[in-house]
Amino acid sequence: MRISRTLPVAAAVAAVGTLSLTAAPAHAAEYSSALKIKGVQYDAPGRDSNKCSGGNTHKEYLTIKNYSKTAKVNLKGYKVKDAAGNTFTFTNSHTLEPGDYVHLRGGRGTDSDAKNVAYRQNCNFLWNNDKDTIYFYKPSGARADVHAYTKKANDRDGNGYITYHG
C-alpha cells in the first residue's frame, strides 16, 4: 500500500489496521464452533465390505471433539455430510464434556456415552477412499467445520487416517 506523505500518521495507521482486518482468511468463521472434526478414518482397515454382518464399515469413523475448555455441548441436531450429499444427523442426545470426543462409526451398534461412540446405523461407507469433503453443521444450519481431503495429499503414511485438529 502506498501512503501519501500528506496523510496524517494516525490516518495511515488506521488504514493499515483496516487492511489487516480485511485480509483475514475467508474460512476463519467456520471454525468458531466448540465442536470440530479432530480426524477421520476414511479408509477402513482391510478390504472394504459393507455387509452388516462381518463387514468393516464400523472401522470407518469420524472423530468429533469438544475443544471448549468450559462448555458442554449436546450433539443432538448436528449434521455430518459428504461431498455427494450423504447426510447423518445426530438424533439422540449425546453430551460432550469439555475436551471429550465421539467416534461416529459406520455400521450398526449401540451408541454409548461411556465408550464415546455413536453409530450411523447404516452399513454403507460414507467417506470415499480417494478424496472427499466432510461438512459438519450445527443444529441451526450454520457450518461448524469443513475439511476436504485427497489420499495422495493428506495421507502420506497411507494408513487411511487423517488428523485435522490436534
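Here's what I pulled together on the structure shown here.

Calculation criteria
- Residues numbered from 1 in each chain as written.
- Predicted model: local features only at pLDDT ≥ 70, side-chain atom pairs only at ≥ 80, totals over all residues.
- Heavy atoms only, no water.
- Pairing = 2+ DSSP bridges.
- Helix = DSSP H or I, 4+ residues; strand = E, 2+ residues; numbered from the N terminus.
- Axes fitted to C-alpha atoms, helices over the stretch in contact; angles between N-to-C directions.
- Salt bridge = Lys/Arg side-chain N within 4 Å of Asp/Glu carboxyl O.
- Buried < 20%, exposed > 50% of the residue type's maximum accessible area, 1.4 Å probe, protein only.
- Polar contact = N/O pair within 3.5 Å; in protein donor to acceptor, adjacent residues only side chain to side chain.
- 1 Å grid on protein atoms, 1.4 Å probe; cavity = no way out; pocket = protein on both sides within 12 Å on 5 of 7 lines; lining within 4 Å.
- Points joined across faces, edges and corners; volume = space filled by probe spheres on them.
- Nonpolar A, V, L, I, M, F, W, Y, C, P; charged D, E, K, R; others polar.

1. Here's the deal with the sheet that holds strand β5 (residues 87-89)
Inference 1: If you trace the four strands from one edge of the open sheet to the other, you get β5-β4-β9-β10, paired in antiparallel fashion. Pairing within the sheet leaves two strands with one partner each, and these edge strands are β5 and β10 (143-150). The mean angle between the axes of side-by-side strands here comes to 10°, regardless of whether they run parallel or antiparallel.
Inference 2: Two elements, strand β4 (residues 79-81) and strand β9 (residues 131-137), share three bridges in a ladder whose sense is antiparallel. Among the inter-strand pairings, K79 is bridged to a residue of β9, identified as Y137.

2. Observations concerning the sheet that holds strand β11 (residues 161-163)
Inference 1: Strand order in the open sheet formed by five strands is β8-β7-β2-β1-β11, and the pairing between neighbours is mixed. Bordering the open sheet on either side are β8 (117-119) and β11, each of which pairs with just one other strand. When strand polarity is set aside, the average angle formed by the axes of neighbouring strands in this sheet is 25°.
Inference 2: Bridging between strand β1 (residues 35-41) and strand β2 (residues 61-66) involves six bridges; their strand directions are antiparallel. When the sheet's bridge partners are listed, I37 is paired in β2 with I64.

3. A closer look at the pattern of salt bridges
Inference 1: If you walk through the whole model with that rule in mind, you get two salt bridges.
Inference 2: D43 is the partner of K151 in a salt bridge, and the nearest nitrogen-oxygen pair spans 4.0 Å. Note that K151 is positioned in helix α2 (residues 151-154) and D43 in the loop between β1 and β2, a separation of 108 residues in sequence.
Inference 3: The partly exposed category is assigned to K151, whose relative accessible area is 36%.

4. Focus on the environment of T57
Inference 1: Mapped onto the secondary structure, T57 falls in the loop between β1 and β2.
Inference 2: The exposure class assigned to T57 is buried, which follows from its relative accessible area of 3%.
Inference 3: At 3.3 Å, the side chain of T57 and the backbone nitrogen of G107 are in polar contact.

5. So, empty space enclosed by the protein
To locate leftover empty space, one rolls a probe as large as a water molecule over the atoms.
Inference 1: Applying the stated criterion across every chain yields a total of one cavity of 30 Å³ or more.
Inference 2: The volume enclosed by the largest cavity comes to roughly 50 Å³.
Inference 3: E60, Y61, L62, L104, R105, G106, R120, L126 and W127 are the residues that line the largest cavity.
Inference 4: Looking at the lining of the largest cavity, the elements that each hand over two or more residues are β2 and β7 (101-105).
Inference 5: Of the residues in the lining of the largest cavity, the class split is five nonpolar, one polar and three charged.

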